[in-house]
Amino acid sequence: MALFGLTRPVSPEPLLRGDGVYLRPAAPSDYSSWSRLRAASRSFLEPWEPTWPDDDLTRAAFRRRLRRQDDDMARDEAYTFLIFDSASDELLGGITLGGVRRGVSQSGTLGYWMGASHAGKGRMTRAVAATVEFAVSRLRLHRIEAACIPENAPSIALLERNGFRREGYARGFLRINGAWRDHLLFALVESDARPRLTWTNLD
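Residues numbered from 1 in each chain as written. Predicted model: local features only at pLDDT ≥ 70, side-chain atom pairs only at ≥ 80, totals over all residues. Heavy atoms only, no water.

> So what exactly am I meant to see when it comes to the packing of aromatic side chains here?
Aromatic ring pairs are reported here in terms of the distance separating the ring centres and the angle at which the planes meet. Tallied over the entire structure, the rule returns 5 aromatic pairs. When the centroid spacing of 5.2 Å and the interplanar angle of 15° are considered together, the rings of Tyr 22 and Phe 84 count as stacked. Linking Tyr 22 in strand 2 (residues 21-24) with Phe 84 in strand 3 (residues 79-85), this pair joins segments that are 62 residues apart in sequence. Residue Tyr 22 is classed as buried on the basis of its relative accessible area of 8%. Arranged with centres 5.8 Å apart and planes meeting at 75°, the rings of Tyr 79 and Phe 134 form a pair that is edge-to-face. Taken together, the residues Tyr 79 in strand 3 and Phe 134 in helix 4 (residues 123-138) connect sequence positions 55 residues apart. A relative accessible area of 0% places Tyr 79 in the buried class. Here the aromatic cluster, defined as three or more aromatic residues joined through ring pairs, consists of Tyr 31, Trp 34 and Phe 62. When the ring centre of Trp 113 is taken as origin, the NZ or CZ atom of Arg 38, which lies over that ring, is 4.6 Å away. (Phe/Tyr/Trp six-rings, centres within 6.5 Å; stacked < 30°, edge-to-face > 60°. Helix = DSSP H or I, 4+ residues; strand = E, 2+ residues; numbered from the N terminus. Buried < 20%, exposed > 50% of the residue type's maximum accessible area, 1.4 Å probe, protein only. Lys NZ or Arg CZ within 6 Å of the ring centre and 35° of its normal.)

> Hey, could you run me through the pattern of salt bridges in this one?
Tallied over the full model, the rule gives 15 salt bridges. Between Asp 56 and Arg 65 there is a salt bridge, with the nearest N and O atoms lying 2.9 Å from each other. Looking at Asp 56, the relative accessible area reads 8%, which means it is buried. Residue Glu 77 pairs with Arg 75 through a salt bridge whose shortest N-O separation is 3.2 Å. Accessibility expressed as a relative area gives 45% for Arg 75, which makes it partly exposed. Where salt bridges share partners, they join Arg 101, Arg 143, Glu 145 and Glu 167 into one cluster. (Salt bridge = Lys/Arg side-chain N within 4 Å of Asp/Glu carboxyl O.)

Okay, structure coming up:
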């Protein structure tokens, strides 16, 4: 299923505009700001992410990301957005609704990252809220899942603020920064209470 008729090249217009932030798919023109923010935030992000490939911040790798982003959206398998400040248009981070499953599941998995200089200011809480609203109201998903390392207290608090409930503990769940790490498992279903916000530009 194509995303609202989305075809390459990806439109730079926002697909989600929420409380102080807007989200849209990455475009080729985002490479410089994306690579700068990721490079500046590397030590902050690496403990919580899979090992970065040697060429991760190159323009060629970014082009591969864009191709995968477009293909995933066209197949209704994943929806990846960059997060921007509504007032300044500054890039803040990124968020992905991946592993979309249809049929009797109607679910997806949430992942996100925030630049080090923008963390702890409530922006990712609002971006997650917008993405969940998009997933439930626009994609008609029934269940959104997320996982985080037990030591990642800010991520746990962020998920709980957005209405996610802790459901379990998975041993050796994901290979993070070169090691298999246990994760706490969270989920939200469409009937759960969650923050409400105004968002537009979905068509």
